[in-house]
Amino acid sequence: MNKLTQSLANAVTPRFHYAWVVVGVIFLVLLCSAGIRATPSVMILPLEQEFGWNRSTISVVISVNIALYGLIGPFSAAAMQRFGIRRVVLGALVLLASGTALSTLMHMPWHMLLSWGLLVGAGTGVAANTLGATIVSRWFEARRGFAMGLLTASAATGQMVFLPLMASMVGAYGWRSVAFLVSAVALLAIPLVWLLLPESPAAIGQKMVGQTSEINEDAASKKNPLAIAFGALRSSVRMPDFWLLFFSFFVCGLSTNGYIGTQFIAMCNDYGINEVGGASILAAMGMLDLVGTTLSGWLSDRYNPRVLLFWYYGLRGVALIFLPYAFGLQYYGLAIFAIFYGLDWIATVPPTVRLANDVFGRLAAPVVFGWIVAGHQLGAATATTLAGYMRATLGNYTLSSILMGSACLVGAVMVLRIKGHKATPLPAAA
C-alpha cells in the first residue's frame, strides 16, 4: 500500500472511518462510468444524421454494450477476489478511456460495435453496481444499505452532471467532442484509484465499519476467477430466491437504462423536444434519483426490502404506463412523470443487495449479485432492441412504454415471494 493511502488512514479519527474515503473514490469511478454509459443516448440522432444508420442498427449496438455490461459483472467480482479490486478497476478505466477515444475514428457499424459495444461494454461492466456491492461487502458490517445507496446514486449523479453538457457539446461541436470528453474523464480517475484505494480494511490496519468480531477471509479468493464465478452460480441456481431476484432485476433493467436511459431523448425528439431539452429532463430525473436512491439505502437498513421493492416496481410501472400520455399534458405531464420515475429510477439496488447478502452470505453475495446484475442488463438489452424495432415499425414509443410498465407491475408481485431470510451462506466458489 502506498504511503499516501496509509497516511490518510492513520489520520482518520474513530468518528470517521477510512471506508468513507473508499466510498468517495468508488463513487467517482462509478460516476465516470455512468456518464460514459449515458453517452450513446445523445449520440443516436447525430449518428443517424452523419452516417445514415437507422435507429434499429444503433440500438442493436447499444444493446450489445448493455448486455456485456451485465455479463461481465460476476466475472469482475470474482477477478476482484483473485487479483484485487484496485488492479481490476484500473484495467476497466483503461478500457473505457481507449474505447471511447477510438470511437472517434469509426465510420462503419462494426467500428461502433468494437468500441462502444465491446471495449466500453466490458469497462462499464467492471465499474458497475457489482463493484459497489463488493466494496460494501468488504468494508461494511453495519450501514451497508446506506453505503450501497450512495454508490448506486452515483449513476444518477453521473447522468445529472454529464447529460446536459454532452447534449450541448453535440449541438455545438459534434458527437466526437463528447467521446473525447468521457475518455479524458476516465483517464483522470486512474491516479485517484491508484493512490487512494486499498484492498481491504486489514491492508491499512483497520476493521470493517461496525465489525464486532473477527471475520475470516475467503480462501476461494486464490482460485481461478472463472471457477469462483461459475461455482457461485452453480450453488445459487438451486435456490428459488436467486431466480426471483434475477427476473425482478431483468424487469428493472428492462424499464430503466434499457428503455428510458437509451430511448428517452429520441422519444422527446418525436414530440418536438430537442436533444438538450430531453437531456435536461433526464438530468432532472437523475437529481431526483440521487435523493431517492440514497433514501432507499437508508430505508433498506431499517425496513423489509421485499416491501420496498414492491412499491418501487409498482410506482415505476404506473409512471411508465402514464408516460405516453404525459407528452400530451403540456408542461405538467412530464413533470409528474419525472418526479415519480426519477425518485424511483434505481432505488431497487440497495434492497436487492441486502436481500442478496441475507440469502447468499457476505462472501458469495458480490459474485452472486453479479449474476443478478447480468439479468438486469439482459433485460436492458432486450428493451433497447425491442423499443428500437417497435419505433422503427410503429413510428412511436407508446406500446413500448405500456409493455415496460406492465412488466414492472408483474415484477412488483414477484418480489413479494422472495423469502429474504438468513440462509446458509454459499461458498464463493462451490
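Residues numbered from 1 in each chain as written. Predicted model: local features only at pLDDT ≥ 70, side-chain atom pairs only at ≥ 80, totals over all residues. Heavy atoms only, no water.

The protein is annotated in an unreviewed UniProt entry as MFS transporter of Herbaspirillum chlorophenolicum.

K.L.:
An account of the overall build of the protein is requested, with residue identities and associated values reported.
P.N.:
Tallying secondary structure elements over the protein gives 18 helices and 0 strands in all. Since a compact globule built from 430 residues should have a radius of gyration of about 22 Å, the 20 Å found for the protein is in line with a globular shape. Taken along the three principal axes of its C-alpha coordinates, the protein extends 60 × 45 × 40 Å. Of all intrachain contacts in the protein linking residues separated by at least 6 positions in sequence, the fraction that spans at least 24 positions is 85%. (Helix = DSSP H or I, 4+ residues; strand = E, 2+ residues; numbered from the N terminus. Rg over C-alpha atoms; globule rule 2.2 N^0.38 Å. Contact = heavy atoms within 4.5 Å.)

K.L.:
Give me the lowdown on the packing of aromatic side chains, citing residues and values where you can.
P.N.:
Two measures describe an aromatic ring pair: the distance that separates the ring centres and the angle between the ring planes. Summed over all chains, the structure comprises 22 aromatic pairs. Each ring, one from Phe230 and one from Trp371, has its centre 5.7 Å from the other, and the planes form 45 degrees; the classification is tilted. Note that Phe230 is positioned in helix H10 (residues 225-236) and Trp371 in helix H17 (residues 365-394), a separation of 141 residues in sequence. Residue Phe230 is classed as partly exposed on the basis of its relative accessible area of 39%. (Phe/Tyr/Trp six-rings, centres within 6.5 Å; stacked < 30°, edge-to-face > 60°. Buried < 20%, exposed > 50% of the residue type's maximum accessible area, 1.4 Å probe, protein only.)

K.L.:
Residues and numbers for the nonpolar core, please.
P.N.:
Counting residues in hydrophobic clusters, the biggest one holds 133 residues, and the most contacted among them are Ile260, Phe264, Met285 and Phe337. Sorting elements by how many residues they give to this core places helix H2 (residues 19-51) first, with 17 residues. Ignoring sequence-local partners within four residues, the contact set of Ile260 consists of Ser255, Leu282, Met285, Leu320, Leu323, Phe337, Tyr341 and Trp345. (Core = buried A, V, L, I, M, F, W, Y, C linked by side-chain atoms within 4.5 Å.)

K.L.:
So what about helix H5 (residues 85-102)? Which residues, and what values?
P.N.:
The first and last C-alpha atoms of H5 sit 26 Å apart over 18 residues, in line with the 26 Å expected at 1.5 Å per residue. When H5 is considered as a whole, its buried residues turn out to be Ile85, Arg86, Val88, Val89, Leu90, Ala92, Leu93, Leu96, Ala97, Gly99 and Thr100. Structurally, H5 contributes buried residues whose contacts are with H2, helix H4 (73-83), helix H6 (109-126), helix H7 (129-139) and helix H9 (175-196). (Expected span 1.5 Å × (residues − 1).)

K.L.:
So what about the pattern of salt bridges? Which residues, and what values?
P.N.:
If you walk through the whole model with that rule in mind, you get 5 salt bridges. In this structure, Arg176 engages Glu50 in a salt bridge whose closest nitrogen and oxygen atoms are separated by 2.9 Å. Note that Arg176 is positioned in helix H9 and Glu50 in helix H2, a separation of 126 residues in sequence. Look at Arg176 and you get partly exposed, because its relative accessible area is 30%. (Salt bridge = Lys/Arg side-chain N within 4 Å of Asp/Glu carboxyl O.)

K.L.:
Which residues make up the packing of H2 against H9, and what are the values?
P.N.:
In the contact formed by H2 and H9, the axes pass within 9 Å of each other and the chain directions differ by 165 degrees. Relative to H9, H2 is oriented roughly antiparallel. The handedness of the crossing between H2 and H9 comes out as left-handed. Facing H2, whose interface residues are Val25, Leu28, Val29, Cys32, Gly35, Ile36, Thr39, Met43, Pro46, Leu47, Glu50 and Phe51, H9 presents Trp175, Arg176, Val178, Val182, Val185, Ala186, Ala189, Leu192, Val193 and Leu196. (Axes fitted to C-alpha atoms, helices over the stretch in contact; angles between N-to-C directions. Parallel < 35°, antiparallel > 145°, perpendicular 65-115°, else oblique. Left-handed = near helix turned anticlockwise from the far one by under 90°.)

K.L.:
Requested: an account of the packing of H5 against H9, with residues and values cited.
P.N.:
For the pair H5 and H9, the least separation of the axes is 8 Å and the interaxial angle reads 160 degrees. Taken together, the axis directions place H5 and H9 in an arrangement best described as roughly antiparallel. Note that H5 runs across H9; the crossing there is left-handed. Along its contact with H5, which presents Arg86, Val89, Leu90, Leu93, Val94, Leu96, Ala97, Thr100 and Ala101, the element H9 presents Ala179, Val182, Ser183, Ala186, Leu187, Ala189, Ile190, Val193 and Trp194. Considered class by class, the residues forming the contact of H5 with H9 number 15 nonpolar, 2 polar and 1 charged. (Nonpolar A, V, L, I, M, F, W, Y, C, P; charged D, E, K, R; others polar.)

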